[in-house]
Amino acid sequence: MPVYIGKRLLVAIPTLLIISIFVFSLQKLLPGDPVLAMAGEERDPATIEFLREKYRLNDPMPIQYLNWLGGVVTGDFGISLRTNQPVLELIGQKLPVTIQLAVMAMFFAMIIGIPIGILAAVKKNTWIDYTANIVALSGLSIPNFWLGIMLILLVSVQLGWLPASGYESIFVDPVRSLQTMIMPAFVLGNALAATLMRHTRSAMVAVLSSDYIRTARAKGLSPREIILSHSFRNALLPVITLLALLFGELLAGAVLTEQIFTIPGFGKMTVDAVFTRDYAVVQGIVLCTAVGFILMNLLADIAYVLLNPRLRATI
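Each residue is numbered by its place in its chain's sequence as written, counting from 1. Totals for whole chains, interfaces and linings use every residue, but because this is a predicted model, local features are given only for residues with pLDDT of at least 70 and side-chain atom pairs only at 80 or more, for both listing and counting. Hydrogens and water molecules were not included; the side-chain quantities draw on all heavy atoms of the structure.

1. Remarks on the packing of aromatic side chains
So, step 1. When the centres of two rings from Phe, Tyr and Trp lie within 6.5 Å, Trp using its six-membered ring, the rings pair. Their planes under 30 degrees apart give stacked, over 60 give edge-to-face, and anything left gives tilted. Counted by the stated rule, this structure contains two aromatic pairs.
So, step 2. Centre to centre, the rings of F107 and F108 are 5.9 Å apart; their planes meet at 65°, and the pair counts as edge-to-face.
So, step 3. Summarising the aromatic geometry, the rings of F108 and F186 are spaced 5.7 Å apart at their centres and angled 90° between planes, so their arrangement reads as edge-to-face. Taken together, the residues F108 in helix α5 (residues 87-122) and F186 in helix α8 (residues 174-208) connect sequence positions 78 residues apart.
So, step 4. Judged by relative accessible area, F108 falls into the buried class, the value being 16%.
So, step 5. Any residue under 20% of the maximum accessible area for its type is buried, any over 50% is exposed, and the rest in between are partly exposed; the area is computed with a 1.4 Å probe on protein chains only. Judged by its relative accessible area of 29%, F186 falls in the partly exposed class.
So, step 6. An aromatic cluster of three or more residues is present, and its members are F107, F108 and F186. To qualify as a helix, a DSSP run of H or I must reach at least 4 residues; to qualify as a strand, a run of E must reach at least 2; elements of each kind are numbered from the N terminus.

2. Considerations on the side chain of Q100
So, step 1. Take Q100: it is sitting in helix α5.
So, step 2. The buried category is assigned to Q100, whose relative accessible area is 10%.
So, step 3. Nitrogen and oxygen atoms within 3.5 Å of one another constitute a polar contact, given that in protein one can donate a hydrogen and the other can accept it, and given that sequence-neighbouring residues count only through two side-chain atoms. A polar atom in the side chain of Q100 sits 2.8 Å from the side chain of S177.
So, step 4. If we ignore the near neighbours within four places in the chain, the residues touching Q100 are Y167, I170, S177, L178 and M181. Only heavy atoms enter the contact rule, under which two residues are in contact if any of them lie within 4.5 Å.

3. Description of a nonpolar patch on the surface
So, step 1. A cluster of nonpolar side chains, I142, F145, W146, I149, M150, L153, V157 and L256, forms an exposed patch at the surface whose accessible area comes to about 710 Å².
So, step 2. Among the elements that make up the nonpolar patch, the one with the highest residue count is helix α7 (residues 144-158) (six residues). Residues forming no salt bridge and having over 30% relative accessible area are the ones grouped into patches, like charges within 9 Å of each other and nonpolar side chains (Val, Leu, Ile, Met, Phe, Trp, Tyr) within 5 Å. A 1.4 Å probe and the Shrake-Rupley method give the accessible areas. Residues count as covered only by the protein chains that appear here. One side-chain nitrogen of Lys or Arg within 4 Å of one carboxyl oxygen of Asp or Glu is enough to make a salt bridge.

4. With respect to the packing of α5 against helix α10 (residues 223-251)
So, step 1. It is at 11 Å that the axes of α5 and α10 come closest, and there the two elements cross at 145°. The element α5 and its partner α10 pack so that their crossing is right-handed. Residue-level contacts link T98, I99, A102, V103, A105, M106, M110, I114, I118 and V122 of α5 to I227, F232, L243, L246, F247, L250 and L251 of α10. Lines fitted to the C-alpha atoms define the axes, with helices restricted to the stretch that makes contact. Angles between their N-to-C directions range from 0 to 180 degrees. Left-handed is the label given to a crossing in which the near helix is rotated counterclockwise from the far helix by less than a right angle, and right-handed is the label when the rotation is clockwise.

5. Observations concerning the environment of L295
So, step 1. Within the secondary structure, L295 sits in helix α13 (residues 279-307).
So, step 2. In sequence terms L295 and R8 are 287 residues apart; their C-alpha atoms lie 9.8 Å from each other.

6. Topic: the packing of helix α6 (residues 127-141) against α8
So, step 1. Running from N to C, α6 and α8 point in directions that differ by 140°, and their axes come no closer than 7 Å. Viewed along their axes, α6 and α8 adopt a mutual orientation that is oblique. Once α6 is placed against α8, the crossing between them reads as left-handed. On the side of α6, the interface is formed by D129, A132, N133, A136, G139 and L140, while α8 contributes N190, A191, A194, T195, M197, R198 and R201.
So, step 2. For the contact of α6 with α8, the residue count by class is six nonpolar, four polar and three charged. For classification purposes, an angle smaller than 35 degrees is called roughly parallel, one larger than 145 roughly antiparallel, one from 65 to 115 roughly perpendicular, and anything else oblique. As a working rule, the residues Ala, Val, Leu, Ile, Met, Phe, Trp, Tyr, Cys and Pro are called nonpolar, Asp, Glu, Lys and Arg charged, and the rest polar, with Gly in that last group.

7. Side note on α8
So, step 1. Spanning 35 residues, α8 covers only 42 Å between terminal C-alpha atoms, well under the ideal 51 Å at 1.5 Å per step.
So, step 2. Working definition for bend: take the seven residues up to and ending at a residue and the seven starting at it, fit an axis to each, and measure the angle between the axes. Of all the bends in α8, the greatest, near 35°, is centred on I182, and the proline P184 appears no more than four residues after it. What a helix is expected to span follows from its residue count: subtract one and scale by 1.5 Å.

8. Examining the layout of surface pockets
So, step 1. In this model, the second largest pocket occupies a volume close to 220 Å³.
So, step 2. In terms of lining residues, the second largest pocket is bounded by L16, L17, S20, W68, L69, V72, V73, F77, L287, C288 and V291.
So, step 3. Within the residue set of the lining of the second largest pocket, elements represented by two or more residues are α1 (2-28), α4 (61-73) and α13.
So, step 4. Broken down by element, the lining of the second largest pocket gets its largest block of residues, four residues, from α4. Both cavities and pockets are sets of points on a 1 Å grid over the protein atoms alone; in a cavity a 1.4 Å probe fits but cannot get out, in a pocket the set is open with protein on both sides within 12 Å along at least five of seven lines, and lining residues sit with an atom within 4 Å of a point. Grid points are joined across faces, edges and corners, and a volume is the space filled by probe spheres set on the points.

9. Focus: the nonpolar core
So, step 1. Core analysis: the largest hydrophobic core is formed by 51 residues, its most contacted members being M106, M183, M204 and L250.
So, step 2. Here the element with the most residues in this core is α10; it accounts for 14 residues.
So, step 3. Residues within four places of M106 in sequence aside, it is in contact with L192, L243, L246, F247 and L250.
So, step 4. Residue types Ala, Val, Leu, Ile, Met, Phe, Trp, Tyr and Cys, when buried and joined through side-chain atoms within 4.5 Å, form a set referred to as a nonpolar core. Core analysis: the next-biggest nonpolar cluster, separate from the first, contains 16 residues, Y65, L90, I91 and V282 among them.

Here's what the structure looks like:
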């Protein structure tokens, strides 16, 4: 297993390198000049030249890229042009917020999507299956921003059960933190649950029609044992892949949801950085997101091996 993980990590290195080249190059093609924004309304030529020298913006693009990449390797992601803070420090402030939101959203997605998907597969072509598909289609069709606003009006304004917006660190006040995160996590998890339900149903339908499931039924095994011990375990493989991709997507930041509920995560920071042409912050966020996707796919591959004995025999 360690050799297998090492090989997967070696494949990730050129992937991250290619991503960094694309991100760095495409950002330079964006219109606007961050130095002009930093120089203020007067735009004194001496100030502009000082800023360009300070942030090495006068160097050729390949040199700028190598300087930035060398800093990343040593843990220096650069300085934010907007806040004058180290990018790694900004990421360290926002990443726990995004991880908390992503974990809670995945929790809602799993407790809603997986059981309904299993039930729809077991009750295939019945009213339960049709209802589950309608619910899934509704979850995919309802925009997150509309659902978020409706929840604020109902749960916060009308009922007063939860705060409408804001954020409190889980390390400062765990109860308040969970209260502020429940609604945005449910909004994100509801949309993900619909996708998860459809994939779970498809995987379960395929497994339930297999020969070994018919053999298990012929042996007199209980329906509960057949569904949970035999069917669901084998149907988990494609579901795990989907979970890894969905979690990586959440780590990239849920822009609209974070804006509606005023959550200071990756999504809000990305929007602010793009509008202010804060190149270093955008590069740091994209690189961290790429690392997150790669790690989640690595965890999915490890889960594959643990769940499938045939794969263990090949490594």
